[in-house]
Amino acid sequence: MKQCIIAALVMIGLAVAPVHQVGAAQQYVNDADINVIDAATAAIDDFDKEGSNENSTIDVIKQKAETASAKLDILSTHTFVTELGSGYTAAAEELKTKATALKTAMNEFVAAMEGDDTTLVEAKMDAYNTAETAFFTSHDSFNKSVDTQNAVAENEDKQTGGLYLLSAIATGLLAAASFGWAFMKKDSNPALQAAQRSIAISSLWPLAGALITYVTYAMAENGGSYTIMWGLIVFGLFLFVQSVVKYFQIKKVTKRV
């Protein structure tokens, strides 16, 4: 029965091993956010290229404007991810506002191009250029907010990883020292010898968990994932403490005899 319980604890220990990503915060950038922005900027570029083409017709320019307007509409109503913090959210909202303003300026510019008032066309073109500059300035700010938040989150990730690593090293040292003591200590009493062997064996479980954590973290330090063997460490420590307590109980009884 006892062996079954130990086996179950070991299996649980192996199962409870969460995988963490080094620099995981960078993964929070939603591809949908990037795709929506890229689609809008590409449509704006297409409109600008067509507008500067002397051979282009008003119908083609209108078509490009309609496409760009649709992409800007999608951007202005898009729900951005929130995992990157308040700075990212604020920059996203600002970008959405600028997208709406740019769409309005673009449509007014195209409408003016269909008329004969050159003064109005120039005024609307200036307004469009101003709105476009504001949009791309906001776009740059948005990108900077991503970099800033990722840098903060990456630093926090490293601190957390360092704490895990320190815990693993401390556990490993304790387990290794206990194994060495239990393995090298000679006792004439068979019961104490058995208890010492139990300590040595049980110390291997948290030691293995600590080593796996350390090795996977060291391999992932420059990017990648590492496994925190909390289950193996915690349940291994449980077995280790149980063995130590039993050893001292036996030793106490032995002294009385």
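Residues numbered from 1 in each chain as written. Predicted model: local features only at pLDDT ≥ 70, side-chain atom pairs only at ≥ 80, totals over all residues. Heavy atoms only, no water.

K.L.:
Please provide a residue-by-residue account of the overall build of the protein chain, values included.
P.N.:
Across its full length, the protein chain holds 7 helices and 2 strands. Tracing the protein chain from N to C terminus, the helices and strands come up as α-β-α-α-α-α-α-β-α. Partitioning the contacts of the protein chain with sequence separation of at least 6, the portion at a separation of at least 24 is 78%. Element-wise, carbon and sulfur atoms account for 60% of the exposed surface of the protein chain, whose accessible area totals about 14,900 Å². (Helix = DSSP H or I, 4+ residues; strand = E, 2+ residues; numbered from the N terminus. Contact = heavy atoms within 4.5 Å. Areas by Shrake-Rupley, 256 points an atom, 1.4 Å probe, with all protein chains shown as cover.)

K.L.:
Describe the packing of aromatic side chains, and please don't skip the residues or the numbers.
P.N.:
Enumeration according to the criterion identifies 8 aromatic pairs in this entry. An angle of 70 degrees between the planes, with centres 6.4 Å apart, marks the rings of Phe80 and Tyr88 as edge-to-face. Residue class for Phe80 comes out buried when judged on its relative accessible area of 10%. Judged by centre distance (5.8 Å) and plane angle (20 degrees), the ring pair of Phe109 and Tyr128 falls under stacked. Placement of the pair is Phe109 in helix 4 (residues 86-113) and Tyr128 in helix 5 (residues 118-184), with a sequence separation of 19 residues. (Phe/Tyr/Trp six-rings, centres within 6.5 Å; stacked < 30°, edge-to-face > 60°. Buried < 20%, exposed > 50% of the residue type's maximum accessible area, 1.4 Å probe, protein only.)

K.L.:
Explain the nonpolar core residue by residue, including any values.
P.N.:
Of all hydrophobic cores here, the largest spans 31 residues; its most connected members are Phe47, Leu72, Leu75, Tyr128, Phe135 and Phe142. Counting only elements with at least two residues in this core, the list comes to helix 2 (31-52), helix 3 (58-77), helix 4 and helix 5. The biggest single contributor to this core is helix 4, with 11 residues. Beyond its immediate chain neighbours, meaning those up to four positions away, Tyr128 contacts Ile44, Phe47, Asp48, Leu102, Ala105, Met106 and Phe109. Core analysis: the second largest hydrophobic core is formed by 8 residues, Ala182, Leu192, Ala195 and Ile199 among them. (Core = buried A, V, L, I, M, F, W, Y, C linked by side-chain atoms within 4.5 Å.)

K.L.:
Go over the environment of Asp140, please, and point to the residues and values.
P.N.:
You can see Asp140 is positioned in helix 5. Here the alpha-carbon distance between Asp140 and Ala91, two residues 49 residues apart in the chain, equals 9.5 Å.

K.L.:
If you had to explain the packing of helix 2 against helix 3 to someone new, which residues and values would you point to?
P.N.:
Viewed as axis vectors pointing N to C, helix 2 and helix 3 meet at an angle of 160 degrees, and their least axial separation amounts to 8 Å. As summarised for this structure, helix 2 and helix 3 are arranged roughly antiparallel, according to the angle between their axes. The two elements helix 2 and helix 3 cross, and the hand of that crossing is left-handed. Contacts between helix 2 and helix 3 involve Val36, Ile37, Ala39, Ala40, Ala43, Ile44, Asp46, Phe47, Glu50 and Gly51 from the first element and Val60, Ile61, Lys64, Ala65, Thr67, Ala68, Lys71, Leu72, Ile74 and Leu75 from the second. Here the contact of helix 2 with helix 3 is built from residues that sort into 14 nonpolar, 2 polar and 4 charged. (Axes fitted to C-alpha atoms, helices over the stretch in contact; angles between N-to-C directions. Parallel < 35°, antiparallel > 145°, perpendicular 65-115°, else oblique. Left-handed = near helix turned anticlockwise from the far one by under 90°. Nonpolar A, V, L, I, M, F, W, Y, C, P; charged D, E, K, R; others polar.)

K.L.:
Go over the packing of helix 2 against helix 4 with me, naming the residues and quoting the values.
P.N.:
The geometry of helix 2 relative to helix 4 is characterised by a closest axis approach of 12 Å and an angle of 25 degrees between their N-to-C directions. Overall, the two elements helix 2 and helix 4 adopt an arrangement that is roughly parallel. The crossing of helix 2 and helix 4 is left-handed. Contacts between helix 2 and helix 4 involve Asp33, Ile37, Ile44 and Phe47 from the first element and Tyr88, Leu95, Leu102, Met106, Phe109 and Val110 from the second. Its residues assigned to classes, the contact of helix 2 with helix 4 comprises 9 nonpolar, no polar and 1 charged.

K.L.:
Any details on the pattern of salt bridges? Residues and values, ideally.
P.N.:
By the definition in use, this model includes 5 salt bridges. Residue Lys96 pairs with Glu93 through a salt bridge whose shortest N-O separation is 3.5 Å. Of this pair, Lys96 and Glu93 both sit in helix 4, 3 residues apart, which is roughly one turn of the helix. The exposure class of Lys96 is buried, given its relative accessible area of 13%. By relative accessible area, Glu93 is classed as partly exposed at 41%. (Salt bridge = Lys/Arg side-chain N within 4 Å of Asp/Glu carboxyl O.)

Structural measurements only, silent on function.
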